[in-house]
Amino acid sequence: MKVVVVESPAKAKTINKYLGRDYEVLASFGHIRDLPAKDGSVDPENDFHMLWELEDRGAKRLSEIARAVKGADKLILATDPDREGEAISWHVLEALNAKRVLKGVPIERVTFNAITKDSVAAAMRAPREIDQALVDAYLARRALDYLVGFTLSPVLWRKLPGSRSAGRVQSVALRLVCDREREIESFVAREYWSLVATLATKDGGVFDARLVGADGKKITRLDIGNGEDAERFKKDLDLATFAVSTIEAKPAKRHPQPPFTTSTLQQEASRKLGMAPAQTMRVAQRLYEGVEIGGETVGLITYMRTDGVDMAPEAVRAARAVIGREFGDRYVPDVPRKYTTKAKNAQEAHEAVRPTDMGRLPKQVARYLDAEQARLYELIWVRTIASQMESAQLERTTADIAAKVGPRTLELRATGQVVKFDGFLTLYQEGRDDEEDEESGRLPPMSAGDPLKRERIAATQHFTEPPPRYSEASLVKRMEELGIGRPSTYASILQVLKDREYVTLDKKRLHAHDKGRIVIAFLEAFFKRYVEYDFTAALEEQLDRISNHEIDWKQVLRDFWRDFSAAVGDTKDLRTTQVLDALNDYLAPHIFPPKADGTNPRACPSCADGQLSLKLGKFGSFIGCSNYPECRYTRQLSAAAADGDAEGGQPGTRALGKDPATGLEVTLRDGRFGPFIQLGEAEGDVKPKRSSLPKGTTPAAVDLEKALALLSLPREVAKHPESGEPIKAGIGRFGPYVQHGKTYASLGRDDDVLEIGANRAIDLIVAKESGAGGRRGGGDPGRTLGDDPASGKPIVVKAGRYGAYVTDGKTNATLPKEMSADAVTLAEALPVLEARRAAGGTKKTSARKGAGGKAAGSKAGAAKTTRKKADADGEAPAKKPAAKKAAAKKAPAKKPAAKKAAPADVAEAPPRARKAAS
């Protein structure tokens, strides 16, 4: 018997079918060991010795593997084909060696890029040893992130109460978002005008031409800067005679984009399908691990964590065959297209993300997939096929127009583009983030010297706009351009920033939250080097060089620790006033924007001579007066709060406009529990109507229209199918809800209280009234992760009153705070449920009894193993040291000392959607 170790039970089940009875395939459920969450797990004084701990869950998996290995003919380690997969195999091997069960058992390492019968068989014929260089790169990244987490986070806690570190790489990504906010805040709009003539040919063809020159001088976009100049040009054009000066048509080609890498897949799925990167990777994982088609489980795509753009020769041949069959021979280029990757690390430059079988058309497999899987598979399929199709043939035409008025000549230009042969465009065209598509339609036939008739002249005012906020897609693209992070880390980086509420997602754009901006301001002021883009990219390159056998991993750690520990030491003597002064200066455009009347934006509006400053409180940061306690003026950090002062209104108040129905003023105000909308003012004992902002909605995103919609809540959404009574949607003490009589059901994370439709509202209410959601879940139907391999029961993740949880219908287990409900996989959920059952859980109990309860401490800690190693871009994991367990049970509210163990908010290792999904 040969024993094969993979990461997930789904892979184990599929691969066991391929290999047959002579093999026993077992799942490790990701990593089985991790660094204990306490100081000393990485010891810089002992040449960075790393102390690994076998978790309870990992111990169980290891025992199963050890039992199978005893007397086995061979041990085959078949984890994923990347740096993390190599590390998982190394951990399994090290732990088995420690148990001394491998005596005389041959050991092989195999990798496959797709879970298909042929790929697995080919991998078994080409075994190798564990690549120690890839393991060393993993160890270096893990140690770096651990050292940053356990060294920098305590500094933040002491100097910025309530703040938490975002992680080594996450902090740099957060800086990108915060820097964009600073650009927007400091942007000064510039006026400019455009002049466009609508002209007609002698045959009646109409087109637009733009003014580009006058009297032999070029006119660029911003050259006409005021209405007076624009009006002078318009008067001349109104009197001018027009004729074609020259016309030129040039052939051009547009070539297809290469097949997907991890980054480009996340970007296109965000643009075209509206999927967050974490969601994209979760769905891609399911496609990679396979679905049952015709009685056989088949992997539909190749491995989805890659920076490579090349495809295997047989895949290229198959794609060309499909193109000829589906679109015709004209769409097949004479020579197969060859793409090369820009990745510097050849070890990890795998094949692109592509279908395992090009002939498996999306329409043929759609009935075997859920909606998300079908859409993503189709996107991957069309991108792959298009990458091998013939180029599109275009004709770009430029017509220069002369407008003569007296002795003066004005120059205009019209451009057009015609697709002569659509080529790959017949199937696919890449989406865009922010840039405008300037391609125009076809120009009518005309020749040089032809007179033109003036239809109308338009002079239009414009203002330059600030750069747009990042979308998730454009932030991933920017991180890739800068060399920040790697394919396996993009989704988790964004997820951590959202989970920590350092950024919020509004209208598909990332807004920097005040908490995130304060952290970045502190790091920029006192740890600038470690949030610099070049420094982080250089460190990533060093990790790549380690995996290429070029440099020693411990030397990289020594060089980093020498300077980093010195920088941390320099902050020990920082006084609070020094920290606040630095933050006031850095955040000035945000918290003290210039006033329209030119007065001092930091002058206290309440007292005569007070100076406004950032204050650090137990429950967060705020703006307060220097004359405290004599002057108790405070407001929130937002520029909107400052605008209220600048306009001479009530402090912390921003006027949005008047309600058309009542004529009362609608304002956005800062309250004790956050910003809220108010209609009018209090009159005697009558309180004005108010509405809080839904979670994730930033004050800057609220305009009069949205404010009136919020004030109109609760609103009727539907009629109950049985009682005929109204079902209403509103916002209450515990967040958005739908209501029927005395029945309330909380809205899910993806539901919008202003847009929720009748069908969804009825589903939530009916589920709540029938008890299908249980006490914990309300009416949330949840998201099915898959079936429990042991019991066959469906495992569902739901949103509960006290947070997200997973359930098999009998046992409910609360997800740890750092585990995202959107990104959690079946393999990550199973250990959480297993820990809950082991603690005696039932449907009426929670997996998180308390800060120090048994489930939260000893058992739930074990359930974190799978997620917290993941991309190694996080910091130290959150787990109480073993020595503190007994004490924690007696005093659950008491936190361990910072020097002994990292509190929960140090945990930075994000959920890894790649591991053990099924």
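First, a word on what this report is: a plain description of the structure on this page.

1. Brief notes about the overall build of the protein
And then number 1: In terms of helices and strands, the protein carries 27 helices and 34 strands.
And then number 2: The long-range fraction of contacts in the protein, counting pairs at least 24 apart against all pairs at least 6 apart in sequence, stands at 69%.
And then number 3: Total accessible area on the protein is roughly 41000 Å²; 49% of this is exposed by carbon and sulfur atoms.

2. Brief notes about helix α4 (residues 117-124)
And then number 1: What α4 keeps buried is the set Val120, Ala123 and Met124. Here the buried residues of α4 occupy an arc of 100° about the axis, which is enough to place them on one side.
And then number 2: In this fold, the buried residues of α4 make contact with β1 (2-6), α1 (9-19) and β7 (74-77).

3. Comments concerning unusual backbone geometry
And then number 1: Along the chain, tyrosine 628 connects to proline 629 via a cis peptide bond; the corresponding omega equals 10°.
And then number 2: When you line up the elements, proline 629 lands in the loop between β21 (620-625) and β22 (634-635).
And then number 3: Between leucine 713 and proline 714 the backbone carries a cis peptide bond, its omega angle lying at 0°.
And then number 4: For proline 714, the position within the fold is in the loop between α21 (704-711) and β27 (715-719).
And then number 5: The backbone of lysine 508 sits at a positive phi, close to 65°, despite the residue not being glycine.
And then number 6: Looking at where lysine 508 falls in the secondary structure, it is placed in the loop between β18 (503-506) and β19 (509-512).

4. Regarding the sheet that holds strand β28 (residues 726-732)
And then number 1: Strand order in the open sheet formed by four strands is β27-β28-β29-β30, with antiparallel pairing between adjacent strands. Each edge of the open sheet carries a strand with a single partner, namely β27 and β30 (743-746). When strand polarity is set aside, the average angle formed by the axes of neighbouring strands in this sheet is 30°.
And then number 2: Alignment of strand β29 (residues 735-740) against β30, held across four bridges, turns out to be antiparallel. Among the inter-strand pairings, histidine 740 is bridged to a residue of β30, identified as threonine 743.

5. Some words on the side chain of threonine 306
And then number 1: Residue position: threonine 306 is located in the loop between β14 (296-298) and α10 (313-327).
And then number 2: Side-chain polar atoms of threonine 306 contact the backbone nitrogen of glycine 308, separated by 2.9 Å.
And then number 3: Those residues in contact with threonine 306, other than ones at most four positions away along the chain, are Thr261, Thr262, His350, Glu351, Ala352, Val353 and Pro487.

6. Re helix α5 (residues 132-159)
And then number 1: With 28 residues, α5 should cover 40 Å at 1.5 Å per step; its first-to-last C-alpha distance of 40 Å lies within 8% of that length.
And then number 2: Where α5 bends most, at leucine 152, the angle is about 25°, and the proline proline 154 comes one to four residues later.
And then number 3: Among the 28 residues of α5, 25 are classified as buried, and the element is accordingly described as predominantly covered.
And then number 4: With a side-chain oxygen positioned 3.0 Å from the backbone nitrogen of alanine 133, the residue opening α5 is aspartate 131.

7. Concerning the pairing of strand β10 (residues 206-214)
And then number 1: Sheet topology note: the strand β9 (residues 191-200)/β10 ladder contains five bridges and is antiparallel. Looking across to β10, one finds that alanine 200 is bridged to valine 206.
And then number 2: Following β9, the chain reverses through five residues before pairing antiparallel with β10; glycine 204 in that reversal takes a positive phi of roughly 95°.
And then number 3: Where β10 meets strand β16 (residues 408-421), four bridges bridge the pair, whose relative direction is antiparallel. Directly across from leucine 211, in β16, lies its bridge partner leucine 412.
And then number 4: Judged from the two bridges that link them, β10 and strand β11 (residues 217-218) form a sheet pairing that is antiparallel. From the neighbouring strand, glycine 213 faces β11, where its bridge partner is lysine 218.
And then number 5: Linking β10 back to β11 in an antiparallel pair, the connection comprises two residues, with aspartate 215 at a positive phi of about 55°.

8. With respect to the pattern of salt bridges
And then number 1: Here the structure, examined in full by the defined rule, presents 48 salt bridges.
And then number 2: For glutamate 716, the salt bridge is made with lysine 719, and the minimal N-O distance between the two is 3.1 Å.
And then number 3: Glutamate 716 sits in the partly exposed class, given a relative accessible area of 44%.
And then number 4: Via salt bridges that share partners, Asp47, Asp552, Lys554 and Arg558 belong to a single interconnected network.

Thresholds, definitions, all that
Residues numbered from 1 in each chain as written. Predicted model: local features only at pLDDT ≥ 70, side-chain atom pairs only at ≥ 80, totals over all residues. Heavy atoms only, no water. Helix = DSSP H or I, 4+ residues; strand = E, 2+ residues; numbered from the N terminus. Contact = heavy atoms within 4.5 Å. Areas by Shrake-Rupley, 256 points an atom, 1.4 Å probe, with all protein chains shown as cover. Buried < 20%, exposed > 50% of the residue type's maximum accessible area, 1.4 Å probe, protein only. Arc of directions from axis to C-beta. Pairing = 2+ DSSP bridges. Axes fitted to C-alpha atoms, helices over the stretch in contact; angles between N-to-C directions. Polar contact = N/O pair within 3.5 Å; in protein donor to acceptor, adjacent residues only side chain to side chain. Expected span 1.5 Å × (residues − 1). Bend = angle between axes of the 7 residues up to and from the residue. Salt bridge = Lys/Arg side-chain N within 4 Å of Asp/Glu carboxyl O.

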